[in-house]
Amino acid sequence: MPSLAAARQHTLRERNLELVARAVYEAPEPVSRADVASSTGLARATVSTLVDRLVAGRLLAELAPVSAQRAGRPGVPLVPAARSVVGIGLEVNVDYLGASVIDLMNDVVDERVEPGSFHDSNPAEVLPRVGDLARELIASAESEGMRVAGARLALPGLVDAHSGLLQVAPNLGWSTLNPVPLLGLSGLRVDVANEAKLAALAELTGDVASSFLYVSADVGIGAAIVVDGHLFLGERGWNGEIGHVQIDPAGPRCGCGATGCLEQYAGKEAVNRAAGLPADAPVEALVRAVEARSPAAQAALERAASALGTALADFVNLVDVGTVVLGGAYTTLLPWMRDDVEATLADRVLSAPFAPVRVRGAVAGPYAAMAGGAREVLRDVLASPADWV
Ligand SMILES: [Zn+2]
């Protein structure tokens, strides 16, 4: 049995390994061993040993040496290793399902998306299809020598943050379900999360604010509150259901059973219908209609923006967040919605005269929930690099 002192020594080494890995991953530019020593406060020799371990384990990679400005040996810039350890993001949404493979450089190594219509679908038919996609991508990644760390499945509904059970996904027509066994991905760790929450995490790159309210529209509208780089999940992870905030009690019936929900004014299908387009028309069709000055499309977007602004204002008044990030279909529609959203926020947010709410479009691209999910998997790798070297 190892002694307590040996165990402590072991833990300290693992913690230092994480510290060194993080110093490289979180640096905006490649750093040398000397840079890592000075940013972590660890001895240069210790850093060197730990870096060697991370390089041998293919969590870090070395670039070509650059000549030092001062006398001495040239520095070897360190970067996260490309195409070595990868995370998988999986998603089922109302009009597509997909899988994405992302590496430690945050690059999309491989991605497959299948459009479809999953309204009132059967999870026992849909989830195995996602599992099949994932298996293909995993086989291809492994054939190129990559190691798959795990997967996150994004679903548009209430997911219990502790158990991973899906309580309800109104637009899929799914309820009370453990989705993981249906994927059929034995031997791979798969966690489940709400799609808006994973998409929000994909926004945490570069110099964006680390506290914001993220709201994305597909057929449904989901939201996530990010505070200092971390999701605020509420008691069970069920918060952020802004799509079911009431805009008008006399409004149309919603998939959730209530009336006049935001989704019925500002969800993708509701806007399409109001614009005189087929409910499942792509967002580009709506853009073409509004660019062609279709009065119905213009009115539909105005109504959507004002309803969205009203719901956002309630949210901001309740939780006090200075930045709103609009994702999903809203990113594309923002140029036609921004003025009305901002005007409604200015009218309805009590603190707006002192600090106007900033509104910006999402930057993580169309499959942000898959990207955010894969990155969460890699965040776990980074939290315990010793398991991977
Ligand atoms: Zn509703």
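Reading the values: the criteria
- Residues numbered from 1 in each chain as written.
- Predicted model: local features only at pLDDT ≥ 70, side-chain atom pairs only at ≥ 80, totals over all residues.
- Heavy atoms only, no water.
- Helix = DSSP H or I, 4+ residues; strand = E, 2+ residues; numbered from the N terminus.
- Rg over C-alpha atoms; globule rule 2.2 N^0.38 Å.
- Buried < 20%, exposed > 50% of the residue type's maximum accessible area, 1.4 Å probe, protein only.
- Areas by Shrake-Rupley, 256 points an atom, 1.4 Å probe, with all protein chains shown as cover.
- Lys, Arg positive; Asp, Glu negative; His and termini not counted.
- Charge placed at Lys NZ, Arg CZ, Asp CG, Glu CD.
- Arc of directions from axis to C-beta.
- Donors = N, O, S within 2.8 Å, 3.2 Å for Na, K, Ca; no water.
- Pairing = 2+ DSSP bridges.
- Axes fitted to C-alpha atoms, helices over the stretch in contact; angles between N-to-C directions.

Caption draft 1: Expanded view of the overall build of the protein. Assigned secondary structure in the protein consists of 12 helices and 15 strands. Over its C-alpha trace the protein gives a radius of gyration of 23 Å, about what one expects of a compact globule, namely 21 Å for 389 residues. With the principal axes as the frame, the protein shows a C-alpha extent of 70 × 50 × 45 Å. Residues counted as buried form 49% of the 389 residues belonging to the protein. When the accessible surface of the protein is summed, it comes to about 18000 Å², and 53% of that surface belongs to carbon and sulfur atoms. Distance between charge centroids for the protein: 7 Å, based on 31 positive and 45 negative side chains.

Caption draft 2: Seen up close, helix H2 (residues 33-40). Among the residues of H2, Arg33, Val36, Ala37 and Thr40 are the ones counted as buried. On an axial view of H2, the arc spanned by its buried residues comes to 100°, and they lie on one face. Every exposed residue of H2 that faces more than 90 degrees away from the buried side is listed here: Ser38 and Ser39.

Caption draft 3: Up close: the coordination of the zinc ion. Protein-derived coordination of the zinc ion comes from His244 (ND1), Cys254 (SG), Cys256 (SG) and Cys261 (SG), at a distance range of 2.0 to 2.3 Å. Taken in chain order, the donor set of the zinc ion reads H-x9-C-x1-C-x4-C.

Caption draft 4: Local environment of the pairing of strand E12 (residues 221-227). Counting buried positions along E12 yields six of seven residues, so the element is predominantly enclosed. Two elements, strand E11 (residues 212-217) and E12, share six bridges in a ladder whose sense is antiparallel. Along E12, the bridge assignment pairs Val215 with Ala223. Hairpin connection of E11 to E12: three residues between the antiparallel strands.

Caption draft 5: Structural detail: the sheet that holds E11. On the basis of which strands lie adjacent, the open sheet formed by five strands has the order E13-E12-E11-E14-E15 and mixed pairing. Because the sheet does not close on itself, it has two edges, and the strands there are strand E13 (230-232) and strand E15 (358-361). Between one strand axis and the next, the sheet turns through 30° on average, direction left out of account.

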